[in-house]
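If you want the building blocks of each chain, they are given just below.
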Amino acid sequence: MKTQNFADLTPNYSRAFLFCMDWIYEAEGGDSDHSADKGGRTRYGISQAAYPNVDIANLTWPQAMRIYHRDFWRGSRAKELAEYGLYELAMLHLDSAINHGVPLANMLLQQVLRVKVDGILGSRTFAAAINANQTNLMVDYFARRASKYSRIVVNDPSQIAFLFGWHRRLFKLENRIERVIRELKMSEVA
């Protein structure tokens, strides 16, 4: 799928959010209506089940980005992670929120950080994230997500059709994060 030039579409979004959206467009772009997908018809990763009042068939990418910004970037507090300079974690957490839902993504992050798991990112969670060894934090968060995918399939074998793709997504995201973070850090120096 062709990469979009988001700066032309969304001049008010942060650079970190736009880098994340470039990834989300690649990972979620296009239409899907797989019979085993519990989300039903999906466009740009926005599902009919999650957004029953959205015209999924005619959803545009700029409209999807507004949903992602409001409900996932801000909703998961990935925005604040980026503002603290935790760009890698912000991108991984946003992807997790989009793929697993905000409450579960928050709980996965809290499990990795070994703080109270309540699904609400507050000052203790942020302090733990800021003070964590970032390499270990990222590896553990990726592993926690991979484990979650496996548990989904164990609990519901009909979802086996998605397991390879979910794991593939994690590997591709890891590579993308490394590249994007280099670009973000280089742009801060310039």
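All figures in this text were calculated on a predicted structure; none of them were measured in a lab. (Residues numbered from 1 in each chain as written. Predicted model: local features only at pLDDT ≥ 70, side-chain atom pairs only at ≥ 80, totals over all residues. Heavy atoms only, no water.)

## Points about the overall build of the protein chain
A tally of regular secondary structure across the protein chain gives nine helices and three strands. Mapped in sequence order, the helices and strands of the protein chain form the string α-α-β-β-β-α-α-α-α-α-α-α. Buried residues in the protein chain amount to 45% of all 190 residues. In the protein chain, once contacts between residues fewer than 6 apart in sequence are set aside, the share between residues at least 24 apart is 55%. Counting only carbon and sulfur atoms, one obtains 51% of the accessible surface of the protein chain, whose full area is about 10,100 Å². (Helix = DSSP H or I, 4+ residues; strand = E, 2+ residues; numbered from the N terminus. Buried < 20%, exposed > 50% of the residue type's maximum accessible area, 1.4 Å probe, protein only. Contact = heavy atoms within 4.5 Å. Areas by Shrake-Rupley, 256 points an atom, 1.4 Å probe, with all protein chains shown as cover.)

## Description of the nonpolar core
Of all hydrophobic cores here, the largest spans 58 residues; its most connected members are Trp61, Tyr68, Phe72, Trp73 and Leu89. When residues in this core are grouped by element, the largest group, nine residues, is from helix α2 (residues 15-28). (Core = buried A, V, L, I, M, F, W, Y, C linked by side-chain atoms within 4.5 Å.)

## Quick look at the sheet that holds strand β3 (residues 46-47)
Across a sheet, paired strands are connected by hydrogen bonds in the backbone, their directions being either parallel or antiparallel. Read across the open sheet, the three strands follow the order β1-β2-β3; overall the sheet is antiparallel. Of all the strands in the sheet, the pair left with one neighbour each is β1 (31-32) and β3. (Pairing = 2+ DSSP bridges.)

## Remarks on the pattern of salt bridges
Overall, the coordinates contain nine salt bridges when judged by the stated rule. Here Arg77 and Glu80 are joined by a salt bridge, their closest N and O atoms 3.1 Å apart. Of the residues examined, Arg77 reaches a relative accessible area of 29% and is grouped as partly exposed. When salt bridges with common partners are traced through the structure, they connect Asp22, Glu26, Lys172 and Arg176 into a single cluster. (Salt bridge = Lys/Arg side-chain N within 4 Å of Asp/Glu carboxyl O.)

## Quick look at the confidence of the model for the protein chain
For the protein chain, the mean per-residue pLDDT works out to 87, and 87% of the residues sit at or above 70. For the protein chain, per-element mean pLDDT is lowest for helix α1 (residues 6-9), which scores 49, and highest for helix α6 (residues 102-113), which scores 97. (pLDDT = per-residue confidence, 0-100.)

## Re α2
Given a rise of 1.5 Å per residue, 14 residues ought to cover 20 Å, and the 20 Å separating the end C-alpha atoms of α2 matches this to within 8%. The element α2 is largely enclosed, with a buried count of eleven among its 14 residues. Among the residues of α2, Ala16, Phe17, Leu18, Phe19, Cys20, Met21, Asp22, Trp23, Ile24, Tyr25 and Glu28 are the ones counted as buried. Within two residues after α2, Gly30 carries a phi angle of roughly 90 degrees, on the positive side. (Expected span 1.5 Å × (residues − 1).)

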